[in-house]
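# Descriptive analysis of the structure
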Amino acid sequence: MTARLSIGSLVLLLSLVFAGAALAVKPDEMLADPALEARARALSEGLRCMVCQNQSIDESDADLARDLRILVRQRLVAGDSDRQVMDYVVSRYGEFVLLKPRFDLRNALLWGTPVILLLAGGLFIALNARSRRTLATKSLSADEQAALDAILRRD
Amino acid sequence: MVETGHFALVLAFALSLVQTIVPLVGARLDNQRLMAVGGPVAVTGFALTALSFAALASAYATSDFSLANVWENSHSLQPMIYKITGTWGNHEGSMLLWVLILTFFGALVAAFGSNLPASLRANVLAVQGAIGAAFFLFILATSNPFIRLNPAPIEGRDLNPILQDLGLAIHPPLLYLGYVGFSICFSFSVAALIEGRIDASWARWVRPWTLVAWMFLTGGIAMGSYWAYYELGWGGFWFWDPVENASFMPWLAGTALLHSAIVMEKRSALKIWTLLLAILTFSLSLLGTFLVRSGVLTSVHAFATDPTRGVFILCILTLFIGGSLALFALRASRLTAGGLFHPISREGALVLNNLFLTTATATVLVGTLYPLVVEAFSADKISVGAPFFNLTFAPLMVPLLVMVPFGPLLAWKRGDILAVAQRLMAAFAASLLAMLVTALFISGATVLAALGVGLAVWLVLGALTDLAVKAGFGNVSVGIMARRLAGLPRSVFGTALAHMGLGLTVLGIVGTLCFGTEKILSMHPGETVELSGHTLRFAGIYPAQGPNYSEDRGRFELIGPAGNPVGEISSAKRFYPVRQMTTTESGIKTLGLSQLYISLGDEGKDGSVVVRLWWKPLVTLIWGGGLMMMAGAAMSLMDRRLRVGAPSRRRKRIEVPASAGMP
């Protein structure tokens, strides 16, 4: 059924992606310490549910997402820093689990696109503006003036 | 009826071939008769496609399960509205809707294009016909909705329950009107490239079409966002899902196009860029169609296992995008660049707008495709999700939004930035005040939240400042001001409305994200819970029976300050037996501009139920702003100089003397 649905309309796919996602975090998973729980929620939003499409474990209803949520909380209770928790999860599940890809060479183009395009585009516009201004203000050369006079005389 | 529809579809395909070839040859040979063929053929092609679509819709309405498509996506017990909307709630039907709208736009050009130069009109219709031919062939070859089953099943397999919603009636048609509407801009651009020149009528025509497409796309995206918000049950309004990005990219590019087309129309500058942008915008629409239709999003490998449809669309994509860009590379140098302008001018502001919008488009594009590329070229898989887009998109949008109020106030050709800044002083002071009030008096406000509120106020007041300045505020009496205001071109109001709408959307997003609260808890009947000053009492779970589902409805009472119930919210879990699927019906109560949102979870053994509650301040503004942007576009369209098909008046519009630029 899934295969058939996944080729559905725009909406259909979107809905399929989120199908059955009713409630994610359940009260029994939550940590008693609100500060720690808030950190767990923030981390969960950056971790992908591996069996869903583009859903974080914070939003997903899947069992695997629940396991991951509990894992994150266990590590936090054990005293890990946010970074250590993420590193631990990546070491077990691979980089696929990160919704925000790492800054590394392979992802250079991904992270670089906005900066490069903005700079290149800005430079292009600036250069273009300057050349246009010089073009606009440049007066006619002696030859051109003579040619123009000739044309004007002809009329 | 069904066979008539099938036959009409084949005929429409044949006509689209005629529409492609005959006018094109006619324009080449400068043969008026051949060129004139395009119009009637386009109208007839639309009529046939409409007939075909009506045949499919009637098969859905009458639950004709002898059609495989109806059998797979409908059920006799479905309410009539969902039977009909189910027509496009599936791959085949939605592709038929796609070509219906494509031919509709072609017919509009044929009907209203009598004032276009004959060869331009012929070429536009030919290109439009070619797109149509490719997609008709796609439908007939890989996605035919008219395939019969023999013997016909007694009962259908039901429409996906999540789609059994009013949203399906509105969202896809609006979205497609936008998506496919940009095909007109594309056809005009390619036609201009074929002709090798851009004349005045080209410029006058492209902008209204862009406005129409943009207006519908805005509505489609806003509607889709609201639908996802209430249907998916956890109150998100934008997920940066690839499918959403597929519609968002043409919107961003289309917004850029809308603005560069103004420069082209008013000042005949940026012609080549506008033409390229028109090609790119529709290319992104095609890319979106490919991403959504081919299944490539699930996984590159899933795409590889059943590639028929995907490869077909990929070929269409390559043909049209590659072909048009090649033509552009070949012909662009022949086109004459337009007027000159100083960097600090309305044109300059619009160029900056285009820089940021195209960069944002490219960012979304790269973010959407990057995982596919990595997966295709290495064994690794990576994810690019909401955190990436939030981190890259927001920093691109903030400077753009800060600049928005400056644009309309700057004069054409050479503007005075200081004078404009002076006029915006009041708006700036007010947004500073809004920031301070937010930071000091609203609990839980972060610096970012205060800045966001300030930005929203800046946008709204900036738009109002534009109107006030153009009406001569402060210089003339109230009576003259009112008269001037009434005399302003409608497009000035359109701009102000759209920019105000943008501000409201920003306010909605900031309000929801920064001041929203959430509670997840397990409740027993009779218990109360408090959320951001609202008290809710859980009355209990009541089972109910719908036409094709059963549900457990959880009822909540909103308790007023006096302790008595002042309203009710109910949220349900529905079970659709045919597909064995469960959906969540969220409970929403709108209070002013804000909403209380309730979603039901699993029931416990002791009669308790998991409840997730949200308080979403100002959330309705997110979509309200979208509606206002649509209203702005509609207002602009009513401007005489832009009206689609309005005979081109030779009478020169005298610029309102109070327009920007005067001290």
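This text follows the structure it describes.
Conventions and cut-offs
- Residues numbered from 1 in each chain as written.
- Chains lettered and ligands numbered in written order.
- Predicted model: local features only at pLDDT ≥ 70, side-chain atom pairs only at ≥ 80, totals over all residues.
- Helix = DSSP H or I, 4+ residues; strand = E, 2+ residues; numbered from the N terminus.
- Buried ≥ 20, exposed ≤ 12 C-beta atoms within 10 Å, placed from the backbone.
- Contact = placed C-beta atoms within 7 Å.
- Nonpolar A, V, L, I, M, F, W, Y, C, P; charged D, E, K, R; others polar.
- Pairing = 2+ DSSP bridges.
- Axes fitted to C-alpha atoms, helices over the stretch in contact; angles between N-to-C directions.
- Parallel < 35°, antiparallel > 145°, perpendicular 65-115°, else oblique.
- Expected span 1.5 Å × (residues − 1).
- Arc of directions from axis to C-beta.

### Some remarks on the overall build of chain A
A tally of helices and strands in chain A yields seven helices and zero strands. Counting across all 155 residues of chain A, residues that qualify as buried make up 35%. In chain A, the share of contacts with a sequence separation of at least 24, taken over all contacts with a separation of at least 6, comes to 49%.

### Notes on the interface of chain A and chain B
Between chain A and chain B, the residue contacts involve 47 residues of the former and 59 residues of the latter. Only helix H1 (2-6), helix H2 (10-18) and helix H6 (108-137) of chain A provide two or more residues apiece to the side of chain A that touches chain B. By residue number, the principal contributor to the side of chain A that touches chain B is H6(A), which donates 12 residues. Split by residue class, the side of chain A that touches chain B holds 29 nonpolar, 12 polar and six charged.

### Here we look at the sheet that holds strand E3 (residues 534-545) of chain B
Residues and elements named next belong to chain B. Read across the open sheet, the five strands follow the order E2-E3-E4-E5-E6; overall the sheet is antiparallel. Each edge of the open sheet is held by one strand with a lone partner, namely strand E2 (528-531) and strand E6 (581-585). In this sheet, adjacent strand axes meet at a mean angle of 25 degrees when their direction is disregarded. The pairing of E3 with strand E4 (residues 550-559) spans 10 bridges and is antiparallel. Across the sheet, residue Tyr542 finds its bridge partner in E4, namely Arg553.

### So, the packing of helix H7 (residues 118-142) of chain B against helix H13 (residues 308-331) of chain B
Residue and element names in this part refer to chain B. At their nearest, the axes of H7 and H13 sit 11 Å apart, and the two run at 170 degrees to each other. Our classification of the angle between H7 and H13 gives roughly antiparallel. Residue-level contacts link Ile131, Ala134, Phe138, Ala141 and Thr142 of H7 to Thr308, Arg309, Phe312, Ile313, Ile316, Leu319 and Phe320 of H13. Looking at side-chain class alone, the contact of H7 with H13 contains nine nonpolar, two polar and one charged residues.

### Remarks on the environment of A:Asp58
All names here are of chain A. Take Asp58: it is sitting in the loop between helix H3 (34-45) and helix H4 (63-77). Owing to 21 C-beta atoms within 10 Å, Asp58 belongs among the buried residues under this scheme. Once the C-alpha coordinates of Asp58 and Val97 are considered, the two residues, 39 residues apart in sequence, prove to be 13 Å apart.

### A few points about helix H18 (residues 425-441) of chain B
Residue and element names in this part refer to chain B. In this model, H18 (17 residues) spans 24 Å end to end at C-alpha, consistent with the 24 Å of a helix rising 1.5 Å per residue. For H18, the complete set of buried residues consists of Ala427, Ser431, Ala434, Met435 and Thr438. Summarising the axial view, the buried residues of H18 lie within an arc of 100 degrees, below the 170-degree limit, and thus occupy one face. The exposed residues of H18 that point more than 90 degrees off its buried face are Met425, Ala429, Leu433, Leu436, Leu440 and Phe441. Looking at the buried residues of H18, the elements they touch are helix H19 (447-470).

### Description of the sheet that holds strand E8 (residues 594-603) of chain B
Residue and element names in this part refer to chain B. Judged by pairing direction, the sheet is antiparallel, and its four strands sit side by side in the order E1-E9-E8-E7 without closing on themselves. The open sheet terminates on both sides in strands that have one partner only, identified here as strand E1 (517-523) and strand E7 (587-591). Within this sheet the neighbouring strands show an average axis-to-axis angle of 15 degrees, counted without direction. Sheet analysis places E1 next to strand E9 (residues 609-616), joined by seven bridges and oriented antiparallel. Pairing of Lys519 across the sheet is with Leu613, part of E9.

### Things to note about the environment of B:Arg293
Residues and elements named next belong to chain B. When you line up the elements, Arg293 lands in helix H11 (residues 271-294). Residue classification places Arg293 among the buried residues on the basis of 26 C-beta atoms within 10 Å. In this structure the C-alpha to C-alpha distance between Arg293 and Met95, which are 198 residues apart in sequence, comes to 9.1 Å.

### Topic: unusual backbone geometry
Residues and elements named next belong to chain B. Residue Pro151 follows Asn150 across a cis peptide bond; omega there is 0 degrees. Inspection of the secondary structure puts Pro151 in the loop between H7 and helix H8 (166-195). The residue Asp30 is not glycine, and still its phi comes out positive at about 55 degrees. Relative to the elements of secondary structure, Asp30 occurs in the loop between helix H1 (2-29) and helix H2 (32-36). For Asp30, a count of 10 C-beta atoms within 10 Å gives the class exposed. With a phi close to 80 degrees, Asp158 is a non-glycine residue in the positive phi region. Given 24 C-beta atoms within a 10 Å radius, Asp158 is considered buried.

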